Amino acid sequence: MKFNISRENFLLPLQLVSGAVERRHTLPILSNVLIKVSEDALWLTGTDLEVELISSTILEGEFTEGEITVPAKKLVDIVKGFNDGSDIQFVVDANKAVIKSGRSKYTLSTLSAEDYPNLEDWQGEVEFEISQSELKKLIESTQFSMAQQDVRYYLNGMSLETEENLIRSVATDGHRLALCRQAYTANTLPVRQVIIPRKGVLEISRLVEDNDRPVKVQIGSNHIRLFSNDFIFTSKLVDGRFPDYRRVLPKDGDKTIIADKQVLKNAFVRAAILSNEKFRGVRLNITSGEVRITANNPEQEEAYEVVDVDYEGDDLEIGFNVAYLIDVLNNINSDQVQIALSDSNSSALIEDATDDSALYVIMPMRL
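Residues numbered from 1 in each chain as written. Predicted model: local features only at pLDDT ≥ 70, side-chain atom pairs only at ≥ 80, totals over all residues. Heavy atoms only, no water.

> It is not clear to me how the side chain of Lys136 should be interpreted in this structure. Could you clarify?
One can find Lys136 in helix 3 (residues 132-140). Judged by relative accessible area, which is 16%, Lys136 ranks as buried. What Lys136 contacts, discounting residues up to four positions off in sequence, is Ser205, Val208, Glu209 and Asp210. (Helix = DSSP H or I, 4+ residues; strand = E, 2+ residues; numbered from the N terminus. Buried < 20%, exposed > 50% of the residue type's maximum accessible area, 1.4 Å probe, protein only. Contact = heavy atoms within 4.5 Å.)

Structure (structure tokens):
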């Protein structure tokens with residue numbers, strides 16, 4: 001197998017698929033990228049058995065068809081190190097991969113392409129097309145609320161739901177919840193809920209861009225697959241049942257605060273400096289027209305902030321994890337944020353004051 005290619009045309013798909021490669025794995029071949037030359041195109045594949053990424057580029061020079069696997073990180077670093085605009089020759093010779101550019105020559109070990117694992121063939125049961133920007137919003141509005149290494153494995157991922165003319169993403173770690181809705185008018189979608197694992201969610205967020213280019217989504221019984229002009233991404237699904245989040249959505253919040261998002265966020269960021277490093281708690285004392293924020297730590301240090309807000313109601317004192325509040329405010333795009341509360345023992349419902357497509361729920365803390 002051999003081919004000639006420009007550095008840029010090789011590096012882009014190579015970096016794309018290398019995100020799926022597991023660097024520390026008990027199977028050595030999973031540290032490799034599969035390189036295949038077929039029908040005027042170079043195909044690159046990376047996988048860790050949980051997710052798989054395929055990308056391709058057209059070959060314009062001479063080539064010989066074939067396939068081989070080589071160490072992914074080493075190949076990326078070599079190609080990245082060549083000068084911009086340089087041409088690369090890739091040749092497989094006696095079970096070694098030889099990469100040449102100008103007077104540079106590198107020889108890499110290889111493993112047989114026959115041993116490279118492929119995710120099994122499967123049929124899509126739900127299929128729809130969505131713009132990359134819409135999919136990116138669904139992912140990035142909720143992914144920060146996913147659990148990390150929770151024994152409740154179904155929380156270590158994101159729920160993706162289809163329902164008639166709606167696509168919904170939901171993530172929760174048991175202490176907070178993020179939900180985003182996207183209208184879908186192309187046709188009527190079946191009712192379906194699947195859980196995408198954490199690595200799959202992070203990869204999708206990395207792959208899709210904030211533009212109007214379409215991406216096709218296929219959902220099967222055990223997998224989800226995305227097709228775009230640049231890549232084919234496949235991820236296994238989490239085999240589990242996502243909790244009924246509708247039961248925890250606050251419905252009786254009669255105390256509504258409207259605040260300047262940036263002013264409120266800046267106050268929380270400053271107060272967080274003197275919060276307890278383990279529990280991260282801050283106390284909110286809410287009165288007519290203002291919110292007083294206090295934080296303490298075991299060193300008897302204290303932070304005190306006052307923020308003017310639009311609020312007319314009974315006084316309320318409530319505690320929250322300040323990191324959760326900052327995460328939510330980082331994901332609200334407008335200048336105004338709306339917070340609905342009922343009492344000091346009930347969760348807060350936080351929304352963009354001008355856009356109801358996403359909502360966030362944070363449980364209170366006892367301080």
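> Looking at this model, I keep getting lost on helix 5 (residues 261-272). Mind explaining?
One turn of the α-helix equals 3.6 residues, which is why residues spaced by three or four share an orientation. With twelve residues, helix 5 extends 16 Å from end C-alpha to end C-alpha; this agrees with the ideal 16 Å at 1.5 Å per step. Here helix 5 has its buried residues at Lys261, Leu264, Lys265, Ala267, Phe268, Ala271 and Ala272. Along the axis of helix 5, the buried positions cluster into a sector of 160°, meaning they face one direction only. Against the buried residues of helix 5 lie strand 18 (255-260), strand 19 (281-287), strand 20 (290-296), strand 21 (302-308), helix 6 (322-330) and strand 23 (336-341). The opening residue of helix 5, the one whose side-chain oxygen lies 3.0 Å from the backbone nitrogen of Gln262, is Asp260. (Expected span 1.5 Å × (residues − 1). Arc of directions from axis to C-beta. Polar contact = N/O pair within 3.5 Å; in protein donor to acceptor, adjacent residues only side chain to side chain.)

> Explanation requested: the sheet that holds strand 1 (residues 2-6) in the structure shown.
Backbone-to-backbone hydrogen bonds pair the strands of a sheet. The strands run either parallel or antiparallel. Here five strands make up an open sheet; going across it, the order is 5-1-7-8-9 and the pairing antiparallel. Two strands close off the open sheet at either side, each with one partner strand: strand 5 (63-64) and strand 9 (104-109). Where strand 8 (residues 96-101) and strand 9 come together, six bridges link them in antiparallel fashion. Note that in strand 9 the partner of Ile99 across the bridge is Tyr106. Sitting on the sheet, helix 1 (residues 7-18) touches strand 1 and strand 7 (87-93), and the angle it makes with strand 1 is about 100°. (Pairing = 2+ DSSP bridges. Axes fitted to C-alpha atoms, helices over the stretch in contact; angles between N-to-C directions.)

> So what exactly am I meant to see when it comes to the sheet that holds strand 25 (residues 355-362) here?
Pairing is antiparallel across the open sheet formed by eight strands, whose spatial order is 14-11-12-13-25-24-23-18. A strand with exactly one partner marks an edge of an open sheet, and here the two such strands are strand 14 (189-197) and strand 18. On average, adjacent strands in this sheet sit at an angle of 20° to one another, irrespective of strand direction. Examined bridge by bridge, strand 13 (residues 176-183) and strand 25 share five bridges and lie antiparallel to one another. Residue pairing for strand 25: Leu177 is matched across the bridge by Val361.

> Whenever I open this one, the side chain of Asp150 confuses me. Can you help?
Topologically, Asp150 is positioned in the loop between helix 3 and strand 11 (157-164). Polar side-chain contacts of Asp150 include one of 2.8 Å to the backbone nitrogen of Arg152. When neighbours within four sequence positions are excluded, Asp150 is seen to be in contact with Leu155, Asn156 and Asp173.

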